[in-house]
Amino acid sequence: MIRYAVQRIVFGLLTIWFVATATFAAMHMVPGDPLSNDRAMAPEMRENLMRQYGLDKPVLRQYGIYLGNMLRGDFGISYIEENRRVNDIIREHFPVSATLGVLAIFFATLGGILWGALTARYQQRWPDFVIMGLVILSISVPGFVVAAFAQLALVTINGWVGAELLPIAGWGTLRHMLVPALVLGLGTMAFLTRLMRSSLLEIAQADYITTAKAKGLSAARIFFVHQLRNACLPFLTVLGPAIATITTGGFVVELVFSIPGLGRYFVQAIQQLDYTVIMGTTVFYGSFLVLMVVLVDLLYGWVDPRIKLHAG
Amino acid sequence: MPRNHLFQIAGALLLSVGAHSFAASGVDVANSKISLAIRYEPPSLNTVKSSDRVSSFLLTHLMEGLTRYGTNNEIVPAAALRWRQRDRSVIFYLRKNAEWSDGKPVTAHDFVFAWQTLVDPATASKYAFIMQPVKNAAAIARGALAPQSLGVQALDDFTLKVELQAPTPYFVSMTAFPAFYPIRKDFYRERGARYAADAKDMLFNGPFELTEWVHGASLKLRKNPYYWNKKNIRIGAIDIPYITSDSVATLNLFKNNNIAFANDLAQESISDALQRGLPLRKFLDGCMYFYSLNFRAGRITRNKALRQALQSVYDATLVTNKIIAMPGAQPAVSLFPKFLRGKTRSLREEIPPQPKAIDLGRARRLLQQAKQELQIEQFPPLVLLTSDVPVAVKLAEYTQYLFKQALGLNIVIDKQTFKQRHVKSYNGEFDIASLSWCPDYNDPLTFADYFASWNENNRGKYSNPEYDNWVRVAQRSGDIDTRVQAFGQLQRIIAADAAMLPSYEASVLYVQHPHLKGMQRGIFGGDPSFYFAWLEQ
């Protein structure tokens, strides 16, 4: 088990290095740089600034310097927000995205189990049809449409009620988080519902369930103790990447609901070619994703004793 | 879980939800407070480093220059009580009761220090160019002279003398810009790299002070108790709890009564806003949108007959009304937008532009002439460089259709995001480029010198010695009649050479809470301004 974990970590580090290098290369291949703007700069001014930022050095040297700093945990200072260190940006804004993401996962999981169980229980009856219809809708409709629609719906509902039931944007209290988290988790919730449904239906046919019924166990006990635990396994496979997708894919939700998360910085940095922020956020997200995948793998082994984790 | 527990929890939830009644927090008349949204986190609140719209908006409320824009968008005294302008010098007499937010007086030395810091190459400010009218500024920026030789000095604590490089009639109006605001030398030196990084790293001499700045999330402005004119500032507090660049989300915040003002409505939101009866207003922001043609060697647009053919079919009025279709947008008819003033009337009245009439027959004849001159049978496809913003894409597609229909020309649309479009335009990778230009200062020269051959912003590399000469006349003369005449010539030359195809002057649509009065929109001097605003039921 230890050897397995170590091997996964080493592969993880290699992955992160690859991500950093690929991003650095892509960034420098795109026309433009942090200084390009809609207003021309006098040549001496531009040279002066390029020198100050270290952008006048050959690209390979810049790469070497960057890697060296990264190993020391120093991602540099933003080119656009000249007073902010990238580490500070990540430290201040990631917790917001993470909170939003965790709440989204929570809703997705809760919803996935609930709706999945309902559709399996009432298979081929109207709850099944209604829920599966909504599931297909949730998977097909793009995130930005759902977000915009949800916000508009909130405005309308608030207007009808004459009171602000829930804030339509902003961050700070639990009430601010509910709708954005729901919107963010909706796609994953729909996916998990489907997964749960097929998982439960498959297990319902298994021999040990027939045995449990024959032994006279209650329906509730059969469901919670026997069916659910086994149905969770495919769930866990999806959960690792889902966590990462939700945490990184929060950009649209953060934009529409005016949430000060890291996703917004991530995308804005690319638009503005803010090299240091691009590298910092990409490496950070890459590391986060690698960590999640490794954790899920280890969790797998714990949940299902049939799986023995070993290297090779 | 026992049933009554469930009911109790549900009840408590409902109560907690229902208890939040509609606090119309966009406008709080009782506390004289308004809430706003801004489009993005201000990159820098250091007056010598920033010039973007959000930073300018904040800085004009937090600090103050020698002058400011008044209720009719005219220049009025601010930190300066009065001034005396000669041909090449201006003397400002500062008021003696202006204070910084630490109680110390605002003096002429603060202005000298700020202006020298702006042009100092060590500061590496991208906006140093704005100081060019001041004597020696250009040489200092090049590193040829020390910052101390800038043509500004404090004759005493409250008298500032400015020497100009050339007669610059519009110079006083420039002192209203944040780049010309004062900075306290001792504070600046003491804070070093952290100057203006946070609310506690700034000193304020304006109507408001920044009491809270949560980066990327929110800002809070409160009335500055040290401000000399505080009894005339009627807004007590400005909260900025939302930072989003999504204009639909901003409009939703306005509809939900969370903010007092929503700016820059998208075209798609207009019908919804009208249906709801929202108080829609419009504002011409002074920016010009046009097509710039490429004069570089090897480019087919170097041919004058071709350019004139394009000019003869491109109808700016139709484009503005049918394609852009934003209420308030104006067709662009010349190099100069509508708002510019001449000697006594608007510039447009004093030097009326004579836009060429749309004439399909003439256009086709010109095209034939171009073919003969270029000795080609068919024109190769022309590359039209444009941005990925929906309105720009729509305009590009219309232009493609128009030139194909009318002239049989093939247009290839090159859609690029912001930075890439500008890099390509500077590198000349286009035949026709969709560009815009916003005024740097309140004088026609800011548009006139765009096409000067030495101007790096001249992406098409248009070069005409006669044009350059007239630009120099406008730059060097202090006589209004001479300058207006020069602008007239420049306008004529650009149209005759068909160096650009003017499209439209954008109108910004916005909504304002009916309880908020006196909010000012301005092309210059921080927009919007709440200096003269107040709240009433």
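Caption draft 1: Just the overall build of chain B, in detail. The number of helices and strands found in chain B is 17 helices and 20 strands. For 537 residues, the compact-globule estimate of 2.2 N^0.38 gives 24 Å, and chain B sits close to it at 26 Å. Here the C-alpha coordinates of chain B stretch approximately 85 × 75 × 40 Å along the principal axes. A total of 537 residues make up chain B; the buried ones form 57% of that total. A sequence separation of at least 24 residues applies to 67% of the contacts in chain B between residues at least 6 apart. With an accessible surface of roughly 22,300 Å², chain B has 51% of that area assigned to carbon and sulfur atoms. Placing the 63 positive and 48 negative side-chain charges of chain B at their respective mean positions leaves the two points 2 Å apart.

Caption draft 2: Just the interface of chain A and chain B, in detail. Counting from both sides, the interface comprises 48 residues of chain A and, opposite them, 46 residues of chain B. Buried surface at the junction of chain A and chain B, both sides included, amounts to about 3,900 Å², of which 52% is carbon and sulfur. At the boundary of chain A and chain B, one finds two salt bridges. Between Glu82 of chain A and Lys49 of chain B there is a salt bridge, with its nearest N and O atoms 3.6 Å apart. At the boundary of chain A with chain B, the tally comes to 18 residue pairs in polar contact (both at pLDDT 80 or more).

Caption draft 3: Quick look at the nonpolar core. Within the largest apolar cluster, 246 residues are counted, with the highest numbers of intra-cluster contacts made by Ile34, Leu62, Phe92, Trp115, Leu160, Leu210 and Phe403 of chain B. No other element matches the 13 residues that helix 4 (residues 86–121) of chain A contributes to this core. Excluding anything up to four places from it in sequence, Leu160 of chain B contacts Leu66, Val90, Ile91, Phe92, Leu94, Ala108, Phe111, Val112, Trp115, Val152 and Gln153 of chain B.

Caption draft 4: Fine view of the sheet that holds strand 7 (residues 152–156) of chain B. Residues and elements named next belong to chain B. As summarised here, the arrangement of the four strands in space is 5-6-8-7, forming an open sheet in which the pairing is antiparallel. Strand pairing shows two members of the sheet lacking a second neighbour, strand 5 (80–85) and strand 7, which therefore form its edges. Averaged over all pairs of adjacent strands, the angle between strand axes in this sheet comes to 20°, irrespective of strand direction. Bridging between strand 7 and strand 8 (residues 159–163) involves four bridges; their strand directions are antiparallel. Residue pairing across strands places Ala154 opposite Leu160, the latter belonging to strand 8. Where helix 3 (residues 108–119) meets the sheet, its contacts fall on strand 6 (89–94), strand 7 and strand 8, and the angle it forms with strand 7 comes to roughly 165°.

Caption draft 5: Structural context of the confidence of the model for chain B. Residues and elements named next belong to chain B. On average, residues of chain B carry a pLDDT of 92, and 96% of them reach 70 or more. Considering each helix and strand of chain B separately, the mean pLDDT is smallest for helix 1 (residues 3–18), with a value of 47, and largest for strand 8, with 98. Here residues 10–24 is modelled with pLDDT under 50, and outside its nearest four sequence neighbours on either side it reaches 11 contacts, counting other chains as well. Across the whole predicted complex the pTM is 0.90, and at the interface the ipTM reaches 0.88.

Caption draft 6: Expanded view of the sheet that holds strand 9 (residues 208–214) of chain B. Residue and element names in this part refer to chain B. Taken together, five strands build an open sheet; the order of strands is 1-2-11-10-9 and the sheet is mixed. On the outer flanks of this sheet lie strand 1 (27–28) and strand 9, each paired with one strand and no other. The sheet contact formed by strand 2 (residues 33–38) and strand 11 (residues 237–243) spans five bridges and is parallel. When the bridges of strand 11 are listed, Ile34 appears paired with Ile238.

Caption draft 7: Here's a closer look at the pairing of strand 2 of chain B. Residue and element names in this part refer to chain B. With five of six residues buried, strand 2 lies mostly within the body of the structure. Relative to strand 2, strand 1 runs antiparallel, the two sharing two bridges. Paired with Val27 across the bridge in strand 2 is Ile34.

Caption draft 8: Region of interest: the pairing of strand 6 of chain B. Residue and element names in this part refer to chain B. With respect to burial, strand 6 is a largely interior element, six of its six residues being buried. Alternating residues of strand 6 divide into Ser89, Ile91 and Tyr93 and Val90, Phe92 and Leu94, and every residue in both groups is buried. Pairing analysis gives five bridges linking strand 5 to strand 6, with the strands arranged antiparallel. Looking at the pairing, Arg82 lines up with Tyr93 of strand 6. Remark: three residues form the turn of the hairpin made by strand 5 and strand 6, two consecutive strands paired antiparallel. Where strand 6 and strand 8 come together, five bridges link them in antiparallel fashion. Within the sheet, the bridge partner assigned to Tyr93 lies in strand 8 and is Thr159.

Thresholds, definitions, all that
- The residue count restarts for each chain, going from 1 along the sequence in the order it is written.
- Key to labels: chains lettered from A, ligands numbered from 1, both in the order written.
- Since the coordinates come from a predicted model, pLDDT governs what is reported: local features require at least 70, and pairs of side-chain atoms require 80 or more to be given and counted, while whole-chain, interface and lining totals use all residues.
- Side-chain measures were taken over the full set of non-hydrogen atoms in the model, leaving aside hydrogen atoms and water.
- Helix and strand definitions follow DSSP, with helices as H or I runs of at least four residues and strands as E runs of at least two, each counted in order from the N terminus.
- The quantity called the radius of gyration is restricted to C-alpha atoms. Its globule counterpart is 2.2 Å times the number of residues to the power 0.38.
- Each residue is assigned to one of three classes by its accessible area relative to the maximum for its type, calculated with a 1.4 Å probe on protein chains only: buried under 20%, partly exposed between the two thresholds, exposed over 50%.
- It only takes one pair of heavy atoms within 4.5 Å for two residues to be counted as in contact.
- Each accessible area is a Shrake-Rupley estimate made with a 1.4 Å probe; only the visible protein chains count as cover when residues are assessed.
- Neither His nor the chain termini are counted; the positive set is Lys and Arg, and the negative set is Asp and Glu.
- To locate a charge, take atom NZ for lysine, CZ for arginine, CG for aspartate or CD for glutamate.
- The buried area of a pairing is the accessible area, by a 1.4 Å probe, that goes missing from both parts when the two are put together, added over both.
- Each salt bridge in this description consists of a side-chain nitrogen of Lys or Arg and a carboxyl oxygen of Asp or Glu lying within 4 Å of one another.
- Definition of a polar contact: a pair of N or O atoms within 3.5 Å, with one able to donate and the other able to accept a hydrogen when the atoms are protein atoms, and with sequence-neighbouring residues admitted only if both atoms are side-chain atoms.
- The nonpolar core is taken to be a set of buried Ala, Val, Leu, Ile, Met, Phe, Trp, Tyr and Cys residues, with the residues joined through side-chain atoms within 4.5 Å.
- Paired strands, in this sense, are two strands between which DSSP finds at least two bridges.
- Lines fitted to C-alpha atoms define the axes, with helix axes restricted to the stretch in contact, and inter-axis angles between N-to-C directions lie between 0 and 180 degrees.
- By definition, pLDDT measures how confident the predictor is in each residue, and it falls between 0 and 100.

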